[in-house]
Amino acid sequence: MQSRLRVQGHPIQPMLVTFPYGLFVCAAIFDFADVAGGPVFLGEVGYWTAVAALVAAALTAVAGMVDLWDVPPDRTRHTAISFNLVNAGMAGLFLLACLIRADAPNRGASPALLFTELVALAVGGVGVRLGARLIRHFEATPRETPNLHMQGRAPY
C-alpha cells in the first residue's frame with residue numbers, strides 16, 4: 001500500500017502523528033506541574049498545549065482517512081480503522097478536558113482532569129502499538145518499483 005499523501009516519497013500521516021502525541025504528553029506534564037503546586041501559568045500553558053495538540057490531531061485524522069481508502073480490505077484495514085478510532089478516542093478525552101477547563105480561572109488543571117489526561121495517554125499508548133503494527137506490515141510489503149531517476153544508483 002502506498003499513501004496518497006506523500007512528501008518526497010514519504011507518507012505524511014506517520015510524520016504528523018508524532019505532533020499530537022508529543023503535544024498531549026507535554027500538556028499532561030504542564031498540568032501535572034500545575035496540580036503539584038507549580039506556578040499558576042503552567043495550567044494555562046498546559047491548556048493551550050492541549051488545544052494545539054487537538055488541532056494537530058485533527059490534521060492527522062484527515063490524513064489518516066485519506067490513507068484509509070487505499071488499505072486492502074483485510075486484517076490490515078481492521079488495524080488501520082482501530083488505530084484511527086483509538087487516536088480519536090485519545091483526542092476526545094483531551095477535548096473533554098479542554099472544554100471543562102475553558103471557563104476555569106487561569107484554565108488551571110484539577111486532579112480529576114489530570115487523571116482524564118493520563119487515561120487519554122494510556123489510550124494513546126494502544127494507538128502507538130497499533131501504529132507500529134501498521135508500519136511493520138507496510139514495511140514488509142513489496143515496495144513500488146523505483147522511479148526512473150533512481151535506476152542505476154546503489155542502495156544506501
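Since the structure is predicted, the reported quantities are computational estimates derived from the model, not experimental observations.

## Regarding the overall build of the protein chain
In terms of helices and strands, the protein chain carries five helices and two strands. Reading the protein chain from its N terminus to its C terminus gives the helix and strand order β-β-α-α-α-α-α. By sequence separation, contacts in the protein chain at least 24 residues apart represent 74% of the contacts at least 6 residues apart. As displayed, the protein chain offers around 9500 Å² of accessible surface, 69% of which is attributable to carbon and sulfur atoms.

## Side note on the environment of Ser110
Here Ser110 lies in the loop between α4 (75-101) and α5 (111-140). With 67 residues separating them in the primary sequence, Ser110 and Gly43 have C-alpha atoms 9.1 Å apart.

## Quick notes on the packing of helix α2 (residues 18-35) against α4
The contact between α2 and α4 brings their axes to 12 Å, and the two run at 35°. Here α2 and α4 pass one another in a crossing that is left-handed. Seen from α2, the contacting residues are Tyr21, Phe24, Ala27 and Asp31; seen from α4, they are Phe83, Asn87, Met90, Ala91, Phe94 and Arg101. Taken together, the residues of the contact of α2 with α4 sort by class into seven nonpolar, one polar and two charged.

## A short note on the confidence of the model for the protein chain
Averaged over all residues, the pLDDT of the protein chain equals 81, while 79% of them reach at least 70. Within the protein chain, the lowest mean pLDDT, 56, falls on strand β1 (residues 6-7), and the highest, 93, falls on α2.

## A word on the layout of surface pockets
Volume-wise, the second largest pocket comes out at about 180 Å³. Lining the second largest pocket are 15 residues, with Ala57, Ala61, Asn84, Asn87 and Ala88 positioned closest to its centre. Counting residues per element, the lining of the second largest pocket draws most heavily on helix α3 (residues 41-68), which supplies six residues. Class assignment of the residues belonging to the lining of the second largest pocket gives a composition of 11 nonpolar, four polar and no charged.

## So, the packing of aromatic side chains
Taken as a whole and judged by the stated rule, the model has two aromatic pairs. Consider the rings of Phe24 and Phe94, whose centres lie 4.2 Å apart with planes at 20°: the pair is stacked. Of this pair, Phe24 sits in helix α2 while Phe94 is found in helix α4, placing the two residues 70 residues apart along the sequence. In this structure, Phe24 and Phe94 share a single accessibility class: buried. Each ring, one from Tyr47 and one from Trp48, has its centre 5.0 Å from the other, and the planes form 80°; the classification is edge-to-face. Given the relative accessible area of 8%, Tyr47 is considered buried. For Trp48, a relative accessible area of 44% translates into the label partly exposed.

## Details of the packing of α2 against α3
Contact pair α2 / α3: the axes reach a minimum separation of 8 Å and the direction vectors enclose 165°. Put simply, α2 runs roughly antiparallel to α3. Once α2 is placed against α3, the crossing between them reads as left-handed.

About the cut-offs
- Residue positions are given per chain, counted from 1 along the sequence in the order it is written.
- With pLDDT at 70 or above as the cut-off, local features in this predicted model cover only qualifying residues; side-chain atom pairs require 80 or more to be listed or tallied, and sums for whole chains, interfaces and linings still use all residues.
- The side-chain numbers reported here are obtained from all heavy atoms of the structure, hydrogens and water having been left aside.
- Helix and strand definitions here come from DSSP, where helices need a minimum of 4 consecutive H or I residues and strands a minimum of 2 consecutive E residues; each element is numbered from the N-terminal end.
- In this description, contact between two residues means that some pair of their heavy atoms is separated by no more than 4.5 Å.
- Computed by Shrake-Rupley with a 1.4 Å probe, the accessible areas treat only the displayed protein chains as cover when residues are assessed.
- Axis angles are defined between N-to-C directions and span 0 to 180 degrees, where every axis is a line fitted to C-alpha atoms and, for a helix, only to the segment in contact.
- In a left-handed crossing the near helix is turned counterclockwise from the far helix by less than a right angle, and in a right-handed crossing that turn is clockwise.
- Three classes are used: nonpolar for Ala, Val, Leu, Ile, Met, Phe, Trp, Tyr, Cys and Pro, charged for Asp, Glu, Lys and Arg, and polar for all others, with Gly counted as polar.
- Every residue is assigned a pLDDT by the predictor, reflecting its confidence on a scale from 0 to 100.
- Points on a 1 Å grid, built from protein atoms alone, make a cavity when a 1.4 Å probe fits but cannot get out and make a pocket when they are open with protein on both sides within 12 Å along at least 5 of 7 lines; residues with an atom within 4 Å of a point are the lining residues.
- Grid points are joined across faces, edges and corners, and a volume is the space filled by probe spheres set on the points.
- Ring pairs shown here join Phe, Tyr and Trp side chains whose ring centres sit within 6.5 Å, with only the six-membered ring taken for Trp; geometry is labelled stacked below 30 degrees between planes, edge-to-face above 60, and tilted in between.
- Only protein chains enter the accessibility calculation, which uses a 1.4 Å probe; a residue is then buried when its area is under 20% of its type maximum, exposed when over 50%, and partly exposed in between.
- Angle categories are assigned with fixed cut-offs, so that under 35 degrees is roughly parallel, over 145 is roughly antiparallel, 65 to 115 is roughly perpendicular, and the rest are oblique.

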